[in-house]
Amino acid sequence: MSASTLPRPRTTPDTATPRRTGSRSNRTGPSSNRGGGFASKLTVNGLLIIGSAYMVVPVLWLVFASTKNAADLYGTSAYALGNFSLFENIANVAKQDGGLFFRWLGNSVMYAGVGAVLGSLISVMAGYAFDKFQFRWKDSLFGFVLVGVLIPNTATVLPMYLLASLVGMTNTIWAVLIPVLCNPFGVYLARVYSASYVPAETLEAARMDGAGPIRSFFSLGLPMMMPGYITIALFQFVGVWNNFMLPLVMLQDQKLLPVSVGISIWQGYSVPQPEFTPMVITGSLLSIIPLLVAFIMLQRFWKSGLTTGSVK
Amino acid sequence: MATQALTTTVRRRGRALAGTGGRTAALFLVPFFAVFAIAMIAPVIYSLVLSFHSQQKSGLGFGEAKTVFVGLENYVQVFQSETFVEGIARLGLYCLIYIPCMVGGAVAFALLLDATVAKARKLFQLLVFLPHAVPGVIAALIWAYLYTPGISPLVQALQGGGIQINFLDSHMVLPSIVNIGVWEWTGYNVIILFTALQAVPREILEAARVDGAGEIRAAVSIKFPLILPALSVIMLFTIIGTLQLFTEPSIISKATASVTSTWVPNLWAYDAAFIRHNLNQAAAASIIIAGLAAVLSLAVTRLSSRMNKS
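Residues numbered from 1 in each chain as written. Chains lettered and ligands numbered in written order. Predicted model: local features only at pLDDT ≥ 70, side-chain atom pairs only at ≥ 80, totals over all residues. Heavy atoms only, no water.

A.B. asks: Now, about the overall build of chain B: what can you tell me, with residues and values included?
C.D. replies: Each helix and strand in chain B was counted, giving 14 helices and 2 strands. For chain B, restricting intrachain contacts to residue pairs at least 6 apart in sequence, the fraction spanning at least 24 positions comes to 66%. Summed over its atoms, the accessible surface of chain B is roughly 14100 Å², and 67% of this surface lies on carbon and sulfur atoms. (Helix = DSSP H or I, 4+ residues; strand = E, 2+ residues; numbered from the N terminus. Contact = heavy atoms within 4.5 Å. Areas by Shrake-Rupley, 256 points an atom, 1.4 Å probe, with all protein chains shown as cover.)

Printed below as a string of structure tokens:
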């Protein structure tokens, strides 16, 4: 499933090496039983279970911990259910500072949503142009994009803050929204997607029919690249949702904060006031649920995105 | 037929397509390069300018501060700062522990997942990717609690076994933060490597088996070399990502005094800008971090292209 949706470079089917795409079906057939005895089966799957447990247990702990009040958190065994206080905790989270938490959650959705939808469109347009158009300085411009991929984001945050304060834009939503629109890696991915999803012939035919380049992008190119667009948007959504340093530096008004920075402020409160701890934990759980749901539902897209980015 | 002839001439002119010309391309490129200029180029140039200047107060320190060109003085001061050099050394140590653990773990897990006897591959993939859907702040928070005695089942279990470990003391806090990074990024890279493994031609493995190579032998001497290109990309992004280390230590610093406000270079720069109010030094530190990333990623790219050639 996952492998068949990958946008690989277009090779003609007859010359391409047969790949183990449906590997399960053709490798666990009767002939391959020779490969593994019971012992190796046990070792391999046992190690896989241990590895997955390491990944899952901390998240499970968060789920259990969010059902406890402050006393049970320190008093009862971690994976036991104390007095079930999940709803009480959620109510406390909602009450604090007049529902500020849900405002943070809304801000995160807004920053990540705009960043994902608009930022990816900007990247896809640029990647499409790099793939389909001929123009001067194409290679050097693309080189610029690649350098952009390599510049650590956090190295530009402080100077960006200083620039923003020159023009009086700190502590506004624009201070976060504009920088998150920039995704050089998205441009790189979009160029790959454009090369593998949009046949030049289709665009030529559209041109013969009199469609201009902009029209043919929006009515042909973009729909054909839609899976790529969704992949880039998904990764950008996660990237913005996880962003910590940029909003931390740019925003002082608590009403503008995304949930990541907001929760870290609560964590700061919880050091002198332990009664904040259940709220930090419950808030953390509430803030990862949207992402977990998105990831489980959009599995196909993130898998293909990861592959395009690195195997190529 | 006529259309076809036309198409070929168009194509012969060098893949010039729909509208062609620079002006059309510009329409598509301007939005990206506008945000690129704001979010990447301008900050880099501005911090270069800042890093060569300094705020100096005249006379007794009264009156307006003047901006003076000081050349490389800020860089010299940053490198003379004991805390910054310690931060760089700590980051180096962090890389030395983190990269082998995370990349090695990811390779091992991906190879296990690709073994013929592995079951429920899709489920394992989903589970192992789960931490990546958890934002860095939340991951650091979860682990901060898992390291805190009294709340943590981990500390409790170890105490039950007679082992007393303080995960947050000054010796353990670095490995403890490494563990957060490993937890966040291993699964992400497992998926990349596993997909690369799936593209290994089946005939090669079949031939190896006929020649009597066992599963482990095949993994080490056939599969591993074939995923080296994917591995070098992972190394590249891992190094760039590691240099940005900020979120995890800044969250952990609230749970323990072992993580100081200048613990890694990025924290040092943040501290310089917002606590010490020395923007020029902060800019110089940012440039040093970006320069370090550039040098290291160039080195990785060179090394991997040489490896792929030979």
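A.B. asks: So what's going on with the overall build of chain A? Which residues, and what values?
C.D. replies: Each helix and strand in chain A was counted, giving 16 helices and 0 strands. A total of 312 residues make up chain A; the buried ones form 52% of that total. (Buried < 20%, exposed > 50% of the residue type's maximum accessible area, 1.4 Å probe, protein only.)

A.B. asks: Talk me through the interface of chain B and chain A; I want residue IDs and the actual numbers.
C.D. replies: By convention, interface size is frequently given as the accessible area that disappears when the constituent parts associate. The partner chain A presents 119 residues to the 111 residues of chain B that form the contact. Roughly 10400 Å² of surface becomes buried between chain B and chain A when both sides are summed, with 73% attributable to carbon and sulfur atoms. Summed over the shared surface of chain B and chain A, the result is 0 salt bridges. In this assembly, chain B and chain A are joined by 6 residue pairs in polar contact (both at pLDDT 80 or more). Element by element, the count of residues in the side of chain B that touches chain A is highest for helix α2 (residues 22–51) of chain B, at 20 residues. The residue inventory of the side of chain B that touches chain A, partitioned by class, reads 75 nonpolar, 25 polar and 11 charged. (Buried area = accessible area lost by both parts, 1.4 Å probe. Salt bridge = Lys/Arg side-chain N within 4 Å of Asp/Glu carboxyl O. Polar contact = N/O pair within 3.5 Å; in protein donor to acceptor, adjacent residues only side chain to side chain. Nonpolar A, V, L, I, M, F, W, Y, C, P; charged D, E, K, R; others polar.)

A.B. asks: Please set out α2(B) residue by residue, giving values where relevant.
C.D. replies: Here α2(B) contains 30 residues, and its C-alpha end-to-end distance of 37 Å is more than 12% below the 44 Å for a straight helix at 1.5 Å per residue. Of all bends in α2(B), the biggest is about 45°, found at B:L29, and the proline B:P31 comes one to four residues later. (Expected span 1.5 Å × (residues − 1). Bend = angle between axes of the 7 residues up to and from the residue.)

A.B. asks: Explain the packing of aromatic side chains to me, and be specific about the residues and the numbers.
C.D. replies: Scanning the model with the defined rule gives 37 aromatic pairs over all chains in all. Their ring planes at 20° and their centres at 5.8 Å tell us that A:F185 and A:Y188 sit as a pair that is stacked. With A:F185 and A:Y188 both in helix α9 (residues 184–197) and 3 residues apart, the pair spans about one turn of that helix. For A:F185, a relative accessible area of 26% puts it in the partly exposed group. Look at A:F217 and B:F28: their rings are 5.2 Å apart centre to centre, the planes differ by 90°, and that puts the pair in the edge-to-face class. Here A:F217, found in helix α11 (residues 213–224), pairs with B:F28, found in helix α2, and the two come from separate chains. A residue is classified by how much of its surface remains accessible, and B:F28, at 2% relative accessible area, is buried. (Phe/Tyr/Trp six-rings, centres within 6.5 Å; stacked < 30°, edge-to-face > 60°.)

A.B. asks: How would you summarise the pattern of salt bridges if you had to cite specific residues and measurements?
C.D. replies: Residues and elements named next belong to chain B. All told, the structure shown has 5 salt bridges over all chains when counted by the stated rule. The partner of K223 in a salt bridge is D114, and the shortest N-O contact between them spans 2.9 Å. Note that K223 is positioned in helix α10 (residues 215–226) and D114 in helix α4 (residues 82–114), a separation of 109 residues in sequence. Neither residue differs from the other here; K223 and D114 are each classed as buried. A salt bridge links R276 to D271; its shortest N-O distance comes to 3.0 Å.

A.B. asks: Would you mind going over unusual backbone geometry in detail, with residue names and values included?
C.D. replies: Of note, the phi angle at A:D97 is positive, near 50°, even though the residue is not glycine. Within the secondary structure, A:D97 sits in the loop between α4 (86–95) and α5 (100–132).

A.B. asks: An account of empty space enclosed by the protein is needed here, citing residue identities and associated values.
C.D. replies: Residue and element names in this part refer to chain A. This model, assessed by the stated rule, comprises 3 cavities of 30 Å³ or more. Considered as a void within the structure, the second largest cavity measures approximately 60 Å³ in volume. As for the second largest cavity, its lining consists of S108, Y111, V176, V240, W241, N243, P247 and P258. Among the secondary structure elements, those contributing two or more residues to the lining of the second largest cavity are α5 and α12 (226–242). For the lining of the second largest cavity, the residue count by class is 6 nonpolar, 2 polar and no charged. (1 Å grid on protein atoms, 1.4 Å probe; cavity = no way out; pocket = protein on both sides within 12 Å on 5 of 7 lines; lining within 4 Å. Points joined across faces, edges and corners; volume = space filled by probe spheres on them.)

A.B. asks: Talk me through the packing of helix α2 (residues 38–65) of chain A against α4(B); I want residue IDs and the actual numbers.
C.D. replies: Running from amino to carboxyl end, α2(A) crosses α4(B) at an angle of 135°, the nearest separation of the two axes being 10 Å. In terms of orientation, α2(A) lies oblique with respect to α4(B). Here α2(A) and α4(B) pass one another in a crossing that is left-handed. Taking contact as the criterion, the partners of A:V44, A:L47, A:L48, A:G51 and A:S52 in α2(A) are, on α4(B), B:F109, B:L112 and B:L113. (Axes fitted to C-alpha atoms, helices over the stretch in contact; angles between N-to-C directions. Parallel < 35°, antiparallel > 145°, perpendicular 65-115°, else oblique. Left-handed = near helix turned anticlockwise from the far one by under 90°.)

A.B. asks: Describe the environment of B:Q156, and please don't skip the residues or the numbers.
C.D. replies: Structurally, the position occupied by B:Q156 is in helix α7 (residues 153–160). When the C-alpha positions of B:Q156 and B:L146 are compared, they lie 9.8 Å apart, and in sequence the two are 10 residues distant.

A.B. asks: Please set out the environment of A:I178 residue by residue, giving values where relevant.
C.D. replies: Along the chain, A:I178 falls in helix α8 (residues 174–180). The class of A:I178 is partly exposed, set by a relative accessible area of 22%. In this structure, the C-alpha to C-alpha distance between A:I178 and A:Y111, residues 67 residues apart in sequence, is 9.6 Å. Leave out the neighbours within four places in its chain, and A:I178 touches A:M169, B:V35 and B:I38.

A.B. asks: If you had to explain the side chain of A:N107 to someone new, which residues and values would you point to?
C.D. replies: By the secondary structure assignment, A:N107 is in helix α5. Contacts of A:N107, omitting those with residues within four sequence positions, involve A:K255, A:L256, A:L257 and A:P258.

A.B. asks: Before we move on, can you summarise a nonpolar patch on the surface with the specific residues and values?
C.D. replies: On the surface, A:F144, B:I41, B:I45 and B:V49 cluster together into a nonpolar patch covering about 340 Å² of accessible area. Here the nonpolar patch gets 3 residues from one element, more than from any other, and that element is α2(B). For B:I41, a relative accessible area of 31% puts it in the partly exposed group. (Patch = residues over 30% accessible without salt bridge, like charges linked within 9 Å, V, L, I, M, F, W, Y side chains within 5 Å.)

A.B. asks: Outline the confidence of the model for chain B, listing residues and values.
C.D. replies: Per-residue confidence for chain B averages 84 on the pLDDT scale, and 90% of its residues sit at or above 70. Within the model, the stretch residues 1–19 of chain B combines pLDDT values under 50 with 27 contacts to residues more than four positions away or in other chains. (pLDDT = per-residue confidence, 0-100.)

A.B. asks: Give a detailed account of the confidence of the model for chain A, specifying residues and quantitative values.
C.D. replies: Looking at chain A as a whole, its pLDDT mean stands at 80, while 82% of the residues score no less than 70. Long-range and interchain partners of residues 1–35 of chain A, a stretch whose pLDDT sits below 50, account for 53 contacts in this model, where long-range means more than four residues apart.

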